Amino acid sequence: MQKSITRFMPPIAIIAMLSLYAYRTLSAPYISHGLESVVLPLDFTVGLPAIFYVFAMKAKKLTLLTAIPVIWIGYGLSVVALGLSEAGILPYLLFALVPVEFAITVREIRKIVKVYRPVKASSSDPVT
């Protein structure tokens, strides 16, 4: 029974996330501008990847590299919701996203190297 529930959890979670964020994007014009320019970008660029991590990445045991497109989708939703890429804290988030993505990529590369080195040492041809 548990296996059948977890099989459907990521699609249900993704549908729930997309509907929630569609609602938030559509309701953005009705939120005060000062609050909207701070909360919406943080919600989209931090909240969306965090929910994706909990419901999709943990359930399917995916790498952190799969979160990078979700982060950029959140940034794109923020631009769409606010109307311009220079609005609110979006420029600061853009400068914060690049180092975070670089750190995620370096971490995943180090994992690959950690697995590859013992194989290379034990075999003359590590590919086979």
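This structure is a prediction, so every number in the text was calculated from the model and none was measured.

Visitor: An account of the packing of aromatic side chains is requested, with residue identities and associated values reported.
Guide: Here the distance between the centres and the angle between the planes together describe a pair of aromatic rings. Throughout the structure, instances matching the rule amount to one aromatic pair. Between the aromatic rings of Trp 72 and Tyr 75, the centroid separation amounts to 5.6 Å while the plane-to-plane angle is 75 degrees, which identifies the pairing as edge-to-face. A residue pair is termed a helical-turn pair when its members lie 3 or 4 positions apart in one helix, as Trp 72 and Tyr 75 do in helix α3 (residues 67-82) at three residues.

Visitor: Give a description of the side chain of Glu 108 that names residues and reports values.
Guide: Within the secondary structure, Glu 108 sits in helix α4 (residues 90-122). Contact partners of Glu 108, with chain neighbours within four places excluded, come to Thr 63, Leu 64 and Leu 65.

Visitor: Please set out α4 residue by residue, giving values where relevant.
Guide: The terminal C-alpha atoms of α4, which comprises 33 residues, lie 49 Å apart, in line with the 48 Å expected from a rise of 1.5 Å per residue. If you check which residues of α4 are buried, you get Leu 90, Leu 93, Leu 97, Glu 101, Ile 104 and Glu 108.

Visitor: Quick rundown of the pattern of salt bridges? Include the residues and the values.
Guide: Close approach of charged atoms allows side chains of opposite charge to pair. According to the stated counting rule, one finds two salt bridges in the structure shown. A salt bridge links Glu 108 to Arg 107; the nearest nitrogen and oxygen atoms lie 4.0 Å apart. Relative accessible area serves as the criterion here: at 5%, Glu 108 is assigned to the buried category. As a salt-bridge pair, Lys 111 and Glu 108 come within 3.7 Å of each other at their nearest N and O atoms. Taken together, the residues Lys 111 and Glu 108, both in helix α4 and three residues apart, mark about one turn of the helix. In the salt-bridge network here, residues are joined through shared partners; they are Arg 107, Glu 108 and Lys 111.

What counts, and where the lines are drawn
- Every chain is numbered on its own, with residues counted from 1 as its sequence reads.
- Local features are withheld for residues below a pLDDT of 70 in this predicted model, meaning they are given only at 70 or higher, and side-chain atom pairs are given and counted only at 80 or more; totals for whole chains, interfaces and linings count all residues.
- In computing side-chain properties, one takes all heavy atoms of the structure into account and sets aside hydrogens as well as water.
- In this analysis, rings of Phe, Tyr and Trp, with Trp reduced to its six-membered ring, are considered paired at centre separations within 6.5 Å, and the interplanar angle assigns stacked below 30 degrees, edge-to-face beyond 60, and tilted for intermediate values.
- For helices the rule is a DSSP run of H or I covering at least 4 residues; for strands it is a run of E covering at least 2, with both sets numbered from the N terminus onward.
- It only takes one pair of heavy atoms within 4.5 Å for two residues to be counted as in contact.
- Multiplying 1.5 Å by the helix residue count minus one yields the expected span of that helix.
- The buried label applies to any residue whose accessible area, calculated with a 1.4 Å probe on protein chains only, is under 20% of its type's maximum; exposed applies above 50%, and partly exposed to all values in between.
- One speaks of a salt bridge when a side-chain nitrogen belonging to Lys or Arg is within 4 Å of a carboxyl oxygen belonging to Asp or Glu.

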